[in-house]
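# Architecture and fold: a report
Spelled out, the chains give:
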Amino acid sequence: MTLAEKLALLVLVTCACAVVSTASPLDPDRYFLVEAEPRAQLEDYRLNDDVWPTHYDIEIKPYLEQEGNKAQFTFDGSAKITVSTQKQNVMQIKLHMARMDISAWSVTRKSDNTIIPTLPQTYDQETQILTLPLSSALQANVEYVLSFTYVGNMDDDMHGFYRSYYWEDGVKVWMGSTQFQQTHARRAFPCFDEPRFKATFQLKINHKTQYNVYSNTAIVGTVVAEVGRTLTTFGVTPSMSSYLIAFIVAPYQINDRDGMGILARPQAQNQTQYSLDVGIKLLKALEEWIDYPYASVAGMTRMYMAAVPDFSAGAMENWGLLTYRETNILYRSDDSTSMQQHRIAAVISHEIAHQWFGDLVTCEWWDVTWLNEGFARYYQYYGTALVETEWDLDHQFVVEQLQGVMQMDSLRSTHPMTHPVYTQAQASGIFDNISYNKGAVMLRMMEHYLTTETFKTALRAYIKDRAFKTTRPEDLFSALNRYDPNARSYMEPWTIQSGYPLVTVTSHDTGFTVTQKRFLVNEPDHNEQTAWPLPITFATKASEFSITRPAFYTGMTFEIPMQGASDVEYFILNNQQVGYYRVNYDAILWGKISKALHSEGFGGIHVLNRAQIVDDLFNLARGDVVPYGTALEILEYLKEETEYAPWLAAVNGLTTLSRRIHADDEKLFAAHILDIFSKAYDIVKFQAPTATERRIFTYMRQNVLQWACNYGHEECSKAAVAEFHRYHQNPSVKVHPDLRQVVYCEGIRKGSTEEFEFLWNQYLTTNVATEQILILQGLGCVSSSELITDMLNGIASPHVRSQDKNNAFTYVINNPYTLPHVSRYLQQNHANWAASHGSYTNVASAFNNVLARLKSDSERDAISAFIESNKNILGQAAYDSIKSGLEDYETNKQFTLRNRDEIHEFLDNKINGGAATILANVSMIVGLLMLVLAR
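The rules behind the values
- Residues numbered from 1 in each chain as written.
- Predicted model: local features only at pLDDT ≥ 70, side-chain atom pairs only at ≥ 80, totals over all residues.
- Heavy atoms only, no water.
- Helix = DSSP H or I, 4+ residues; strand = E, 2+ residues; numbered from the N terminus.
- Rg over C-alpha atoms; globule rule 2.2 N^0.38 Å.
- Contact = heavy atoms within 4.5 Å.
- Lys, Arg positive; Asp, Glu negative; His and termini not counted.
- Charge placed at Lys NZ, Arg CZ, Asp CG, Glu CD.
- UniProt positions renumbered as here; feature names shortened; annotations may be inferred.
- Disulfide = S-S within 2.5 Å.
- Buried < 20%, exposed > 50% of the residue type's maximum accessible area, 1.4 Å probe, protein only.
- Pairing = 2+ DSSP bridges.
- Phe/Tyr/Trp six-rings, centres within 6.5 Å; stacked < 30°, edge-to-face > 60°.
- Lys NZ or Arg CZ within 6 Å of the ring centre and 35° of its normal.
- Salt bridge = Lys/Arg side-chain N within 4 Å of Asp/Glu carboxyl O.
- Domains from an automatic or database assignment.
- Buried area = accessible area lost by both parts, 1.4 Å probe.
- Core = buried A, V, L, I, M, F, W, Y, C linked by side-chain atoms within 4.5 Å.
- pLDDT = per-residue confidence, 0-100.
- Axes fitted to C-alpha atoms, helices over the stretch in contact; angles between N-to-C directions.
- Polar contact = N/O pair within 3.5 Å; in protein donor to acceptor, adjacent residues only side chain to side chain.
- Parallel < 35°, antiparallel > 145°, perpendicular 65-115°, else oblique.
- Left-handed = near helix turned anticlockwise from the far one by under 90°.

## Regarding the overall build of the protein
When helices and strands are tallied, the protein shows 30 helices and 29 strands. Against the compact-globule benchmark of 30 Å for 935 residues, the protein has a radius of gyration of 29 Å, which places it among compact chains. Referenced to the eigenvectors of the C-alpha coordinate spread, the extents of the protein come out at roughly 95 × 75 × 55 Å. Look at the contacts in the protein between residues 6 or more apart in sequence, and 72% of them connect residues 24 or more apart. Here the protein contributes 78 positively and 105 negatively charged side chains, and the mean placements of these two sets differ by 2 Å.

## Considering the UniProt feature "domain: ERAP1-like C-terminal" (unreviewed entry) in the protein
Under the feature "domain: ERAP1-like C-terminal" (unreviewed entry), the UniProt entry names residues 571-887. Here residues 571-887 runs as 70% helix and 2% strand, with 41 Å between its end C-alpha atoms.

## Details of the state of the cysteines
Within the structure shown, the criterion is met by 2 disulfides. Disulfide pairing places Cys709 opposite Cys716 at an S-S distance of 2.1 Å. Taking the sign of the torsion about the S-S bond as the criterion, the disulfide between Cys709 and Cys716, at about -105 degrees, is left-handed. Owing to a relative accessible area of 3%, Cys709 belongs among the buried residues under this scheme.

## A few points about the pairing of strand 2 (residues 74-84)
Burial within strand 2 is extensive, with 8 of its 11 residues counted as buried. Bridge analysis of strand 1 (residues 52-63) against strand 2 gives 11 bridges, and the strand direction is antiparallel. Pairing of Trp52 across the sheet is with Ser84, part of strand 2. As paired elements, strand 2 and strand 7 (residues 144-153) share 10 bridges and run antiparallel to each other.

## Quick look at the packing of aromatic side chains
A full pass over the atoms with the stated rule returns 58 aromatic pairs. Here the aromatic rings of Tyr165 and Trp174 are separated by 5.6 Å at their centres, their planes lie at 65 degrees, and the arrangement is edge-to-face. Aromatic rings pair up to connect Trp289, Phe357, Phe375, Tyr378, Tyr379, Tyr381, Tyr382, Phe397, Phe455 and Tyr462 into one cluster. A cation sits over an aromatic face here: Arg163 above Phe73, 4.3 Å from the ring centre.

## Examining unusual backbone geometry
Where the residue is not glycine, phi is negative for most of them; where a peptide bond is considered, it is trans in most cases. In this structure, the amide linkage connecting Gln181 to the following residue, Gln182, adopts the cis form with an omega of 5 degrees. With respect to the secondary-structure elements, Gln182 resides in the loop between strand 9 (171-179) and strand 10 (200-208). Here Asp392, not a glycine, exhibits a phi torsion of approximately 50 degrees, which is positive. Take Asp392: it is sitting in the loop between helix 5 (384-387) and helix 6 (393-409). Non-glycine residue Phe602 carries a positive phi angle of around 55 degrees. On the secondary structure map, Phe602 appears in the loop between helix 12 (587-597) and helix 13 (607-622). Taking relative accessible area as the criterion, Phe602 reaches 11% and is therefore assigned buried.

## Concerning the pattern of salt bridges
With the rule as written, the count across this model stands at 62 salt bridges. Two residues, Arg482 and Asp465, come together in a salt bridge whose shortest N-O distance is 2.0 Å. Of the two residues, Arg482 sits in the loop between helix 10 (473-481) and helix 11 (487-496) while Asp465 sits in helix 9 (residues 452-466), which places them 17 residues apart along the sequence. Look at Asp465 and you get partly exposed, because its relative accessible area is 32%. One salt bridge in this structure joins Arg900 and Asp665, with 2.9 Å as the shortest N-O distance. Separated by 235 residues along the polypeptide, Arg900 in helix 29 (residues 876-912) and Asp665 in the loop between helix 15 (644-660) and helix 16 (666-684) bring together distant segments of the chain. For Arg900, a relative accessible area of 22% translates into the label partly exposed.

## Quick look at the domain arrangement of the protein
According to the domain assignment, the protein contains domain 1 (49-251), domain 2 (362-496), domain 3 (500-628) and domain 4 (816-896). Placing the centre of domain 1 and that of domain 2 at their C-alpha centroids yields a distance of 32 Å. Each partner contributes to the interface: domain 1 provides 14 residues, whereas domain 2 provides 14 residues. The junction of domain 1 with domain 2 conceals about 1200 Å² of combined surface from both sides, 56% of it contributed by carbon and sulfur atoms.

## Remarks on the nonpolar core
For soluble globular proteins, nonpolar side chains are generally found buried alongside one another. By size, the foremost hydrophobic cluster in this structure holds 293 residues, and its most contacted members are Phe189, Phe192, Ile352, Trp356, Tyr379, Leu573 and Trp833. Look past the residues within four positions of Leu573 in its chain and what remains in contact with it is Val503, Val505, Ile536, Thr537, Phe538, Ile560, Tyr581, Val583, Tyr585, Asn609 and Gln612.

## Notes on the confidence of the model for the protein
Chain-level pLDDT for the protein is 93 on average; 94% of the residues reach the 70-or-more range. This model gives residues 915-919 a pLDDT under 50, and the stretch forms 2 contacts once residues within four places in sequence are excluded. Below pLDDT 50 for its whole length, residues 925-935 participates in 11 contacts with residues either more than four positions away or in separate chains.

## Some points on the sheet that holds strand 5 (residues 122-124)
As summarised here, the arrangement of the 3 strands in space is 3-6-5, forming an open sheet in which the pairing is antiparallel. In the strand order of this sheet, the two ends are held by strand 3 (90-96) and strand 5, each with one partner. The average undirected angle you get between the axes of adjacent strands in this sheet is 25 degrees. With 6 bridges connecting them, strand 3 and strand 6 (residues 129-138) associate as antiparallel partners. By the bridge assignment for strand 6, Val90 is matched with Leu138.

## Looking at the side chain of Asn899
Within the fold, Asn899 resides in helix 29. Judged by relative accessible area, Asn899 falls into the buried class, the value being 5%. If we skip the residues at most four places from it in the chain, Asn899 touches Asp624 and Tyr628.

## Some thoughts on the sheet that holds strand 4 (residues 100-109)
The strand order across the open sheet formed by 7 strands is 4-7-2-1-10-13-12, and the pairing between neighbours is mixed. In this open sheet, the two strands that pair with only one neighbour each are strand 4 and strand 12 (219-226). Adjacent strand axes in the sheet meet at a mean angle of 15 degrees when their direction is disregarded.

## Structural notes on the UniProt feature "domain: Aminopeptidase N-like N-terminal" (unreviewed entry) in the protein
Within this numbering scheme, the UniProt entry marks residues 53-244 as carrying the feature "domain: Aminopeptidase N-like N-terminal" (unreviewed entry). Along residues 53-244, the helical share is 0% and the strand share 56%, with 15 Å between the first and last C-alpha atoms.

## Topic: the side chain of Glu126
Inspection of the secondary structure assignment puts Glu126 in the loop between strand 5 and strand 6. Engagement of the side chain of Glu126 in a polar contact is seen with the side chain of Arg39, the distance being 3.0 Å. Engagement of the side chain of Glu126 in a polar contact is seen with the side chain of Tyr45, the distance being 2.4 Å.

## With respect to the packing of helix 27 (residues 857-869) against helix 29
Contact geometry for helix 27 and helix 29: axes closest at 10 Å, N-to-C directions at 160 degrees. The angle between helix 27 and helix 29 places the two elements in the roughly antiparallel class. Where helix 27 crosses over helix 29, the handedness of that crossing is left-handed. Of the residues in helix 29, those touching helix 27 at Asp857, Arg860, Ile863, Ser864, Ile867 and Glu868 are Tyr879, Ile882, Lys883, Leu886, Tyr889, Glu890 and Lys893.

## Details of the environment of Phe180
You can see Phe180 is positioned in the loop between strand 9 and strand 10. Measuring from C-alpha to C-alpha, the distance between Phe180 and Gln516 comes to 42 Å, with 336 residues separating the pair along the chain.

In structure tokens, the structure reads:
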């Protein structure tokens, strides 16, 4: 049987099993989060504040295999919750539970164990709120104990207390781990599952003796519970929110030193040293920066970080037991790329920062998630930079975070940082780029305004003020205002208003007029009057780009006076892109900027402002603010660019543009790509990194090689294919990790079934999760219809873990030639895809990702016909989602047609115009200079 036949059979068998599973993929309770529309009154999703918990005693007894009448992947649980009220006439207690069967419950007065008479409980499946009616009112300021005995489920959806597995010597080893954020602690024990309900917790786990167990705090006792089982008791936690509790039941091993330990499956222990080393350094650096020692918190005597094979998030900041996807913590220098090492350090810094910003001081509700995640994302870069000092993380922050979130925030569908949420789906959805990226961007803006030392002092005071409490934005603003009375008035509008401004600069003899208007990329002619306090800095020469402390301006229009304004070499707003806005200039100023960029040393324009100009031009052209011809002419300067940040901005812009290039212009576009990347390729060369090169130069090489090979650079392709063949013939000598992505991709794209089967086998046998991701990226470059089908069958099979399926699919469809085959595959195999991915919502997502890249009306029509004939199978939510995707296809098509002539003219003149092109470029610059002289 061939590999293709094995994969197809495996998909069919797996999906057939999934259909009859007791935890069906289409179970509406299990997959509640896919339902966007609330099915109850919004206020009913929130608990009232009648009763508050102060302490939980929890005991969990998991069954990772069937034991007598105990079903596999269930657990017995008991919970005792100490509660009280400050109100009169409280006749019921409301709290959360989900996916469990409560066999008994009671309410007793803690002081004397008096049983409080109760009435039958009620449960709302939609809000997951359990109501316990009482026969008489609770007494104010008296402690009561809620007691529960229950049976829970260890599902495989990576939420709650769930099951995972790994392979060891061909044997499947089951384990249990947790993920409670945002609303899943209620699946492990009944609880007040909102961040504001802080309490202390003491956990006991009754486990098979061959398993090790771990939780937030250290083990304080172990006893033999019964034959073959141990009862392990953990220390009492600090006062904390329910979503931060964590525990693991697994035969893990630990690599520990100096109060830090890395937990992993035994065969991965040789991948834990870097994360241990950098984790120790980051913890020390961050606790010194924040001036609040981690170990000063009672119960936090050590920090464990665990690598979990199946993990829905990238990582989780559970206090004292941080959990990670394996790719975000396990590292081997001979199998992981430089970027993967960077990712590991950054994610560890993010999660360690949460020990203060999230654990010690916790957002009061998910509507202000940015108070947790904005800080963690900020320290993901600037905390890591305290330890890894040679990585130019400040440069990467601007392009990856600030410019990255601008894409989402330029759409009408965006939302403010502080934004109401009620349902589980809404709570999950608020964990997006607005809360993370934009939150971090606002903190960076305020740091530059206040100065780093004042910013640090204010945050130290904020942490001490709010320790063991919850927080709202006004608490942060109050801390900042102590050190600058304008801080709140400058920052708050950015947190409560959607979007960001486009700032337009026009020049005159005595200065510059600046106007602001919200930037909506698809609505350039809107009439909104939203205004922001604008942090303004500017540069007219190289030495001025270092001035990053802004002055704030309010109002829709204002003046920046300047003697001899018309004589400056250039005028560039927003030094090092500290402010969160785009900038457009009049023709005179764009002409000056273009001349500087095309001159030696780019006219001294700072590298981050070059990245800013690149990103702004792509997006201003996309938003019909600057003509595409003008933008692309200025961006020709990239042929001389040698820095990573502008090239990363360019790659982001070119990726979007490539999807909108008219199909008939793709050859011209490919020639354009090869031209602008030509010198960059000659600089980086097809070679492994040298010991002395800058880290971001290594990252730049990866981007340049990928684009060069993708667009047919002959030397790049030959080198990559030759290296793949060498590896194929001698797998014991591996490809350098920083070349693997392009080597694997090109080897598969130019290869046959033999090369595909070889690399797929490497995927199945490697012990390194980061290598698995590199292989999936390479396998996504399949080019024949048969191998595309094999790859999609592989994604749908159990060989690709649930956490990796969506990324693996994206690697395939990022190669445009796969799109027609993928579309037909989904139409023919939709039931298998739904079963293997969890629901028909995932089928809809797959179709929509195809439609976002598709340029074929016939394929569009086939998808439209498919959903009409399968509406009942898809379900209303999936059907409506794909209908929306079809509308977006039409919008994208109209964009392509609207801009085609201008883009085609530029490409045709450049590629086919020869000397005429040079003359046209000179004429443009001369014309702009004549305008300058005329002024």
